[in-house]
Amino acid sequence: MRSNPAVIVIIERRALIRDCLARCISDEFGCHVASFPDVESWQKISSDLHASLIVVSIIGGSNTLEDGHSDDVIRQVSLSETGAPVIVLSDADDIDYVTDSLRHGVRGHIPTTTTLNVAIKAMQLVLVGGVYVPASNFLTARHSIAKVGAGDETIMLTKQQSAVVDAVRQGKANKVIAHELNISESTVKVHLHNIMKKLRVKNRTEVAVKAGKP
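**Student:** Looking at this structure, I do not really get the pattern of salt bridges. What am I missing?
**Tutor:** Two side chains carrying opposite charge are able to pair once their charged atoms lie near each other. Evaluated as defined, the whole model comprises 2 salt bridges. In this structure, Glu12 engages Arg14 in a salt bridge whose closest nitrogen and oxygen atoms are separated by 2.8 Å. Relative accessible area serves as the criterion here: at 32%, Arg14 is assigned to the partly exposed category. Two residues, Glu180 and Lys172, come together in a salt bridge whose shortest N-O distance is 2.8 Å. Given a relative accessible area of 47%, Glu180 falls into the partly exposed group. For Lys172, a relative accessible area of 21% translates into the label partly exposed.

**Student:** It is not clear to me how helix H5 (residues 116–127) should be interpreted in this structure. Could you clarify?
**Tutor:** With 12 residues, H5 should cover 16 Å at 1.5 Å per step; its first-to-last C-alpha distance of 16 Å lies within 8% of that length. For H5, the set of buried residues is Ala119, Ile120, Ala122, Met123 and Val126. Across the axial projection of H5, the buried residues extend over an arc of 155°, all falling on one side. Facing away from the buried surface of H5 by more than 90 degrees, the exposed residues are Asn117 and Lys121.

**Student:** I keep staring at the sheet that holds strand S3 (residues 50–57) and nothing clicks. Help me out?
**Tutor:** Whether parallel or antiparallel, the strands of a sheet pair through hydrogen bonds between backbone atoms. The strand order across the open sheet formed by 5 strands is S2-S1-S3-S4-S5, and the pairing between neighbours is parallel. Both outer strands of the open sheet, strand S2 (32–36) and strand S5 (108–111), are each paired with one neighbouring strand and no more. If you compare each strand with its neighbour and ignore which way they point, the axes differ by 20° on average.

**Student:** What is the right way to read the nonpolar core from this model?
**Tutor:** The nonpolar side chains of a soluble globular protein tend to be buried with one another. The biggest cluster of nonpolar side chains holds 18 residues, and the ones touching the most others in it are Ile10, Leu53, Val55, Ile87, Leu89, Ile110 and Met123. At 5 residues, H5 tops the list of elements feeding residues into this core.

Reading the values: the criteria
Residues numbered from 1 in each chain as written. Predicted model: local features only at pLDDT ≥ 70, side-chain atom pairs only at ≥ 80, totals over all residues. Heavy atoms only, no water. Salt bridge = Lys/Arg side-chain N within 4 Å of Asp/Glu carboxyl O. Buried < 20%, exposed > 50% of the residue type's maximum accessible area, 1.4 Å probe, protein only. Helix = DSSP H or I, 4+ residues; strand = E, 2+ residues; numbered from the N terminus. Expected span 1.5 Å × (residues − 1). Arc of directions from axis to C-beta. Pairing = 2+ DSSP bridges. Axes fitted to C-alpha atoms, helices over the stretch in contact; angles between N-to-C directions. Core = buried A, V, L, I, M, F, W, Y, C linked by side-chain atoms within 4.5 Å.

Everything listed is a geometric property; what it means functionally is a separate question.
Next comes the structure, spelled out in C-alpha coordinates:
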(Lines give C-alpha, C1' and ligand atoms only; values in the text may rest on other atoms or scores of the structure.)
Protein backbone atom coordinates (compact mmCIF):
# COMPACT_ATOMS: atom_id res chain seq x y z
CA MET A 1 0.00 0.00 0.00
CA ARG A 2 1.42 3.37 -1.00
CA SER A 3 1.76 5.87 1.88
CA ASN A 4 0.72 9.50 1.58
CA PRO A 5 3.57 11.98 1.06
CA ALA A 6 4.57 14.15 4.01
CA VAL A 7 3.26 17.70 4.00
CA ILE A 8 3.72 20.88 5.98
CA VAL A 9 0.40 22.21 7.25
CA ILE A 10 -0.26 25.94 7.64
CA ILE A 11 -3.22 27.27 9.62
CA GLU A 12 -3.86 30.98 9.07
CA ARG A 13 -7.24 32.68 8.77
CA ARG A 14 -6.29 35.36 6.21
CA ALA A 15 -5.93 34.19 2.61
CA LEU A 16 -3.13 36.53 1.54
CA ILE A 17 -0.86 35.76 4.50
CA ARG A 18 -1.74 32.07 4.23
CA ASP A 19 -0.81 31.92 0.52
CA CYS A 20 2.43 33.89 1.07
CA LEU A 21 3.50 31.54 3.87
CA ALA A 22 2.63 28.50 1.77
CA ARG A 23 4.67 29.70 -1.23
CA CYS A 24 7.70 30.68 0.84
CA ILE A 25 7.76 27.39 2.75
CA SER A 26 7.12 25.33 -0.39
CA ASP A 27 10.00 27.05 -2.21
CA GLU A 28 12.39 26.58 0.70
CA PHE A 29 11.55 22.97 1.58
CA GLY A 30 10.58 21.70 -1.85
CA CYS A 31 7.65 19.76 -0.43
CA HIS A 32 3.87 19.93 -0.55
CA VAL A 33 2.25 22.54 1.67
CA ALA A 34 -1.41 22.30 2.66
CA SER A 35 -2.99 25.47 4.06
CA PHE A 36 -6.23 25.95 5.97
CA PRO A 37 -8.13 28.96 7.38
CA ASP A 38 -8.72 27.36 10.78
CA VAL A 39 -8.12 24.26 12.90
CA GLU A 40 -11.54 22.81 12.15
CA SER A 41 -10.96 22.87 8.38
CA TRP A 42 -7.67 21.05 8.79
CA GLN A 43 -9.08 18.44 11.17
CA LYS A 44 -11.73 17.41 8.65
CA ILE A 45 -9.05 15.92 6.39
CA SER A 46 -6.13 15.51 8.80
CA SER A 47 -6.47 11.73 8.75
CA ASP A 48 -5.79 11.78 5.00
CA LEU A 49 -2.59 13.82 5.37
CA HIS A 50 0.74 12.75 6.80
CA ALA A 51 1.65 16.07 8.40
CA SER A 52 5.35 16.38 9.15
CA LEU A 53 5.01 19.90 10.62
CA ILE A 54 2.07 22.10 11.64
CA VAL A 55 2.52 25.88 11.53
CA VAL A 56 -0.20 27.78 13.40
CA SER A 57 -0.37 31.52 12.85
CA ILE A 58 -1.85 33.70 15.58
CA ILE A 59 -0.40 36.88 14.08
CA GLY A 60 -2.64 39.84 14.77
CA GLY A 61 -5.27 37.66 16.44
CA SER A 62 -5.62 35.02 13.72
CA ASN A 63 -6.81 31.65 15.09
CA THR A 64 -7.62 33.07 18.52
CA LEU A 65 -10.82 32.59 20.44
CA GLU A 66 -13.48 35.28 20.76
CA ASP A 67 -12.00 36.43 24.07
CA GLY A 68 -8.60 36.79 22.44
CA HIS A 69 -6.95 33.74 24.03
CA SER A 70 -5.11 31.29 21.78
CA ASP A 71 -4.37 28.72 24.52
CA ASP A 72 -7.15 26.32 23.55
CA VAL A 73 -6.34 26.57 19.84
CA ILE A 74 -2.69 25.69 20.48
CA ARG A 75 -3.62 22.88 22.84
CA GLN A 76 -6.13 21.51 20.33
CA VAL A 77 -3.50 21.31 17.59
CA SER A 78 -0.70 20.08 19.85
CA LEU A 79 -2.80 17.19 21.12
CA SER A 80 -3.78 16.09 17.62
CA GLU A 81 -3.38 12.44 16.73
CA THR A 82 -0.95 13.22 13.90
CA GLY A 83 2.01 13.48 16.27
CA ALA A 84 3.47 16.23 14.08
CA PRO A 85 5.45 18.97 15.85
CA VAL A 86 3.75 22.36 16.12
CA ILE A 87 5.26 25.80 15.51
CA VAL A 88 3.48 29.03 16.44
CA LEU A 89 3.88 32.27 14.50
CA SER A 90 3.04 35.21 16.74
CA ASP A 91 3.56 38.91 17.25
CA ALA A 92 3.52 38.38 21.03
CA ASP A 93 6.91 38.50 22.77
CA ASP A 94 5.68 37.88 26.31
CA ILE A 95 7.87 35.31 28.06
CA ASP A 96 4.88 33.83 29.91
CA TYR A 97 3.06 33.31 26.63
CA VAL A 98 6.08 31.55 25.14
CA THR A 99 6.55 29.24 28.13
CA ASP A 100 2.82 28.46 28.20
CA SER A 101 3.00 27.51 24.52
CA LEU A 102 5.89 25.15 25.20
CA ARG A 103 3.99 23.68 28.13
CA HIS A 104 1.11 22.89 25.78
CA GLY A 105 3.45 20.94 23.51
CA VAL A 106 4.52 23.57 21.00
CA ARG A 107 8.02 22.89 19.63
CA GLY A 108 8.75 26.32 18.19
CA HIS A 109 7.78 29.95 18.73
CA ILE A 110 8.59 32.31 15.85
CA PRO A 111 7.82 36.02 16.43
CA THR A 112 7.07 38.35 13.53
CA THR A 113 10.33 40.19 14.21
CA THR A 114 12.16 37.12 12.87
CA THR A 115 13.61 37.21 9.36
CA LEU A 116 12.45 34.64 6.80
CA ASN A 117 15.87 32.94 6.75
CA VAL A 118 15.86 32.48 10.53
CA ALA A 119 12.24 31.30 10.46
CA ILE A 120 13.09 28.63 7.88
CA LYS A 121 16.09 27.50 9.95
CA ALA A 122 13.82 27.30 12.99
CA MET A 123 11.37 25.09 11.09
CA GLN A 124 14.22 22.86 9.94
CA LEU A 125 15.40 22.53 13.54
CA VAL A 126 11.93 21.53 14.75
CA LEU A 127 11.56 19.03 11.89
CA VAL A 128 14.64 17.13 13.08
CA GLY A 129 13.44 17.02 16.66
CA GLY A 130 14.68 20.32 18.10
CA VAL A 131 12.90 23.16 19.90
CA TYR A 132 13.17 26.78 18.82
CA VAL A 133 12.60 29.85 21.00
CA PRO A 134 14.40 33.17 20.31
CA ALA A 135 17.02 33.80 22.98
CA SER A 136 16.06 37.49 22.87
CA ASN A 137 12.73 36.65 24.50
CA PHE A 138 14.42 35.31 27.61
CA LEU A 139 17.17 37.92 27.69
CA THR A 140 14.63 40.73 27.47
CA ALA A 141 12.51 39.23 30.22
CA ARG A 142 15.55 38.72 32.43
CA HIS A 143 16.33 42.44 32.42
CA SER A 144 12.77 43.79 32.55
CA ILE A 145 11.04 42.56 35.69
CA ALA A 146 8.67 44.62 37.81
CA LYS A 147 6.88 43.82 41.07
CA VAL A 148 3.22 44.18 41.99
CA GLY A 149 2.00 44.03 45.59
CA ALA A 150 4.08 43.43 48.68
CA GLY A 151 5.24 40.68 51.03
CA ASP A 152 3.87 37.21 50.29
CA GLU A 153 1.60 38.71 47.61
CA THR A 154 4.45 40.09 45.50
CA ILE A 155 3.97 39.15 41.85
CA MET A 156 6.70 39.40 39.23
CA LEU A 157 5.68 41.01 35.93
CA THR A 158 7.65 41.74 32.78
CA LYS A 159 8.22 45.37 31.85
CA GLN A 160 5.52 45.26 29.19
CA GLN A 161 3.06 43.51 31.50
CA SER A 162 3.68 46.24 34.07
CA ALA A 163 2.96 48.89 31.42
CA VAL A 164 -0.32 47.16 30.57
CA VAL A 165 -1.28 47.07 34.24
CA ASP A 166 -0.59 50.80 34.59
CA ALA A 167 -2.77 51.50 31.56
CA VAL A 168 -5.59 49.32 32.90
CA ARG A 169 -5.49 51.21 36.20
CA GLN A 170 -5.96 54.40 34.19
CA GLY A 171 -9.06 52.92 32.55
CA LYS A 172 -7.59 52.76 29.04
CA ALA A 173 -9.15 50.48 26.43
CA ASN A 174 -7.15 47.72 24.74
CA LYS A 175 -7.02 49.69 21.47
CA VAL A 176 -5.46 52.66 23.25
CA ILE A 177 -3.01 50.46 25.16
CA ALA A 178 -1.95 48.76 21.94
CA HIS A 179 -1.34 52.12 20.23
CA GLU A 180 0.66 53.55 23.14
CA LEU A 181 2.83 50.44 23.55
CA ASN A 182 3.17 49.89 19.78
CA ILE A 183 1.81 46.34 19.95
CA SER A 184 -1.31 44.66 18.55
CA GLU A 185 -4.59 44.42 20.42
CA SER A 186 -4.27 40.64 20.44
CA THR A 187 -0.91 41.00 22.23
CA VAL A 188 -2.56 43.26 24.81
CA LYS A 189 -5.17 40.53 25.37
CA VAL A 190 -2.44 37.93 25.79
CA HIS A 191 -0.71 40.13 28.37
CA LEU A 192 -3.98 40.67 30.25
CA HIS A 193 -4.68 36.94 30.23
CA ASN A 194 -1.27 36.18 31.74
CA ILE A 195 -1.52 39.06 34.22
CA MET A 196 -4.89 37.77 35.45
CA LYS A 197 -3.41 34.31 35.90
CA LYS A 198 -0.51 35.71 37.91
CA LEU A 199 -2.72 37.89 40.08
CA ARG A 200 -5.37 35.17 40.34
CA VAL A 201 -8.19 37.51 39.29
CA LYS A 202 -10.94 37.24 36.69
CA ASN A 203 -11.39 40.69 35.16
CA ARG A 204 -9.79 44.07 34.46
CA THR A 205 -11.36 45.72 37.50
CA GLU A 206 -9.79 43.15 39.81
CA VAL A 207 -6.45 43.64 38.04
CA ALA A 208 -6.60 47.38 38.73
CA VAL A 209 -7.58 46.86 42.36
CA LYS A 210 -5.06 44.15 43.21
CA ALA A 211 -2.21 45.76 41.27
CA GLY A 212 -2.88 49.01 43.06
CA LYS A 213 -2.37 47.60 46.53
CA PRO A 214 0.66 49.09 48.34
